[in-house]
There are 2 protein chains.
Amino acid sequence: MREVLDRVADKWSLLVMALLAAGPRRYSELRRGIDGISQRMLTLTLRNLVRDGLVTRTVTPTTPPRVDYELTEVGHGLGSEVSALVRWAEGHLDYIAAARARYDAEQP
Amino acid sequence: MREVLDRVADKWSLLVMALLAAGPRRYSELRRGIDGISQRMLTLTLRNLVRDGLVTRTVTPTTPPRVDYELTEVGHGLGSEVSALVRWAEGHLDYIAAARARYDAEQP
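Thresholds, definitions, all that
- Residues numbered from 1 in each chain as written.
- Chains lettered and ligands numbered in written order.
- Predicted model: local features only at pLDDT ≥ 70, side-chain atom pairs only at ≥ 80, totals over all residues.
- Heavy atoms only, no water.
- Pairing = 2+ DSSP bridges.
- Helix = DSSP H or I, 4+ residues; strand = E, 2+ residues; numbered from the N terminus.
- Contact = heavy atoms within 4.5 Å.
- Axes fitted to C-alpha atoms, helices over the stretch in contact; angles between N-to-C directions.
- Buried area = accessible area lost by both parts, 1.4 Å probe.
- Salt bridge = Lys/Arg side-chain N within 4 Å of Asp/Glu carboxyl O.
- Polar contact = N/O pair within 3.5 Å; in protein donor to acceptor, adjacent residues only side chain to side chain.
- 1 Å grid on protein atoms, 1.4 Å probe; cavity = no way out; pocket = protein on both sides within 12 Å on 5 of 7 lines; lining within 4 Å.
- Points joined across faces, edges and corners; volume = space filled by probe spheres on them.
- Core = buried A, V, L, I, M, F, W, Y, C linked by side-chain atoms within 4.5 Å.
- Buried < 20%, exposed > 50% of the residue type's maximum accessible area, 1.4 Å probe, protein only.
- Least-squares fit on C-alpha atoms with pLDDT ≥ 70 in both.

By the naming in an unreviewed UniProt entry, chain A goes by Transcriptional regulator, HxlR family and is assigned to Actinacidiphila paucisporea.

In this structure, what is going on with the sheet that holds strand S2 (residues 55–60) of chain A? I would like to understand it.
Residues and elements named next belong to chain A. As summarised here, the arrangement of the three strands in space is S1-S3-S2, forming an open sheet in which the pairing is antiparallel. Each end of this open sheet is capped by a strand with a single partner; those strands are strand S1 (25–26) and S2. Strands S1, S2 and strand S3 (66–71) of the sheet are contacted by helix H2 (residues 11–20), whose axis makes an angle of about 95° with S3.

Is there a simple way to think about the interface of chain B and chain A in this case?
A common way to report how large an interface is uses the accessible area buried once the components associate. In this complex, chain B contributes 42 residues to the contact, which on the side of chain A involves 42 residues. Summed over both partners, the interface of chain B with chain A buries about 4000 Å², with 69% contributed by carbon and sulfur atoms. The interface formed by chain B and chain A includes four salt bridges. The salt bridge involving Asp52 of chain A is made with Arg100 of chain B; its shortest N-O contact spans 2.5 Å. Viewed at the interface, chain A and chain B are joined by eight residue pairs in polar contact (both at pLDDT 80 or more). Elements that contribute at least two residues to the side of chain B that touches chain A include exactly helix H1 (2–8), helix H2 (11–20), helix H4 (39–51), helix H5 (73–91) and helix H6 (93–106) of chain B. Here the element with the most residues in the side of chain B that touches chain A is H5 of chain B; it accounts for 11 residues.

Would you take a moment to explain the layout of surface pockets for this structure?
In this approach a probe as big as a water molecule rolls over the atoms, and the regions it shows empty are the leftover space. The calculated volume of the second largest pocket comes to roughly 160 Å³. What lines the second largest pocket is simply Val50, Arg51, Gly53, Val55, Thr56 and Thr72 of chain A together with Tyr95, Ala99, Arg102, Tyr103 and Glu106 of chain B. Broken down by secondary-structure element, the contributors of at least two residues to the lining of the second largest pocket are helix H4 (39–51) and S2 of chain A together with H6 of chain B. With five residues, H6 of chain B is the largest single contributor of residues to the lining of the second largest pocket.

What should I look at first to understand the nonpolar core in this one?
For soluble globular proteins, the rule of thumb is that nonpolar side chains tend to be buried together. By size, the foremost hydrophobic cluster in this structure holds 56 residues, and its most contacted members are Leu78 and Trp88 of chain A together with Leu78 and Trp88 of chain B. Setting aside anything within four residues of it in sequence, one finds Leu78 of chain A in contact with Val8, Met17 and Leu54 of chain A together with Leu85 and Trp88 of chain B.

Got a minute to help me understand the environment of Lys11 of chain A in this structure?
As for its position among the elements, Lys11 of chain A is in helix H2. Residue class for Lys11 of chain A comes out buried when judged on its relative accessible area of 15%.

Is there a simple way to explain the sheet that holds strand S2 (residues 55–60) of chain B in this structure?
Two pairing modes exist for strands in a sheet, parallel and antiparallel, and in both the strands are linked by backbone hydrogen bonds. All names here are of chain B. Reading across from one edge, S1-S3-S2 is the order of the three strands in this open sheet, with antiparallel pairing throughout. With one partner strand each, in any of the chains shown, strand S1 (25–26) and S2 form the two edges of the open sheet. By the bridge criterion, six bridges tie S2 to strand S3 (residues 66–71) in an arrangement that is antiparallel. When the bridges of S3 are listed, Thr58 appears paired with Asp68. In the packing of H2 onto the sheet, contacts are made with S1, S2 and S3, and the angle to S3 comes to roughly 95°.

Any chance you could explain the relation of the copies chain B and chain A here in plain terms?
Look at the two chain copies: a rotation about an axis and a shift along it is all it takes to match them. At an RMSD of 0.0 Å, chain B and chain A line up after a rotation of 180° and a shift of 0.0 Å along the axis. As the rotation angle and translation indicate, the two copies are arranged about a two-fold axis. When C-alpha positions in chain B are compared against the rotation axis, the closest is assigned to Ala9 of chain B, at 2.3 Å.

Have a look at this one:
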């Protein structure tokens, strides 16, 4: 169980899946869409998601070749949970920032 | 946003919150309830969750003192999303294991 949570509870996987929940994306679109992710980390994250059967990788033999990533059916199931988590996080940024400020102010 | 996701997308935070979603727990109960978490990691994870305003820490001055952790109202909001994610993971362990086996078998 913890191994699966390692994947599901990985920040970069969550952000990639939240983007793919809105539809297939090309590698370059994912790279632009995720602030702060390195090429190496995006490549590794996508390979793990494909390996887990959560994402498919489709290569169209144009020149240069076009590579599209898409959630599988099971991936879409997780994608909706992930999107809910990401939306929750977006809705509570201020609350958490204020809580942290209060906590830090209380420290000796 | 990524900072909040760091907290929300942290495996240990997810597991602690999933346990607390079922009700307040003592430190020792959390330590026993999460396979593989070290004392140091549980202490750090709980401190971060308290700092984020997601969990409260209540000390009852018995001998020895009793320390209870509980989700805040906002924490319960996140807790339900987290529990859904953990249930999803539990329901797809076999699927992911099979996908990994297929992927690994296809590698040159």
